[in-house]
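# Inside the fold
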Amino acid sequence: MFNPDLKDVLSNGVNRYQLVKAVAKRAREISLDAEENKEILSEKSVSIALDEIITGKYDLSEADSVE
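Attention here is on the structure that accompanies the text. (Residues numbered from 1 in each chain as written. Predicted model: local features only at pLDDT ≥ 70, side-chain atom pairs only at ≥ 80, totals over all residues. Heavy atoms only, no water.)

### Observations regarding the packing of helix H2 (residues 16-36) against helix H3 (residues 45-55)
For the pair H2 and H3, the least separation of the axes is 8 Å and the interaxial angle reads 120°. Considering their axes alone, H2 and H3 lie oblique with respect to each other. For the element pair H2 and H3, the recorded crossing hand is right-handed. Contact residues: Leu19, Ala22, Val23, Arg26, Ala27, Ile30 and Ser31 in H2; Ser45, Val46, Ile48, Ala49, Leu50, Glu52 and Ile53 in H3. Residues of the contact of H2 with H3, tallied by class, amount to ten nonpolar, two polar and two charged. (Axes fitted to C-alpha atoms, helices over the stretch in contact; angles between N-to-C directions. Helix = DSSP H or I, 4+ residues; strand = E, 2+ residues; numbered from the N terminus. Parallel < 35°, antiparallel > 145°, perpendicular 65-115°, else oblique. Left-handed = near helix turned anticlockwise from the far one by under 90°. Contact = heavy atoms within 4.5 Å. Nonpolar A, V, L, I, M, F, W, Y, C, P; charged D, E, K, R; others polar.)

Here it is as structure tokens:
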């Protein structure tokens, strides 16, 4: 199971609600992209999304835009 240190993610003024919202949005995007491209994911989309946020590949401010 993937247990990241949330102190690093939450240290820059982000609260847990924003983090959960961003992870959920990015996980949906990953799932939809995989479905459209008929890809099989080796990891769960939530794990991929959280890893992208921690490594800085996905900006938390992108989750603020509501579709």
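### Concerning the side chain of Ser45
Structurally, Ser45 can be placed in helix H3. For Ser45, the contacting residues outside a window of four places in its chain are Ala27, Ile30 and Ser31.

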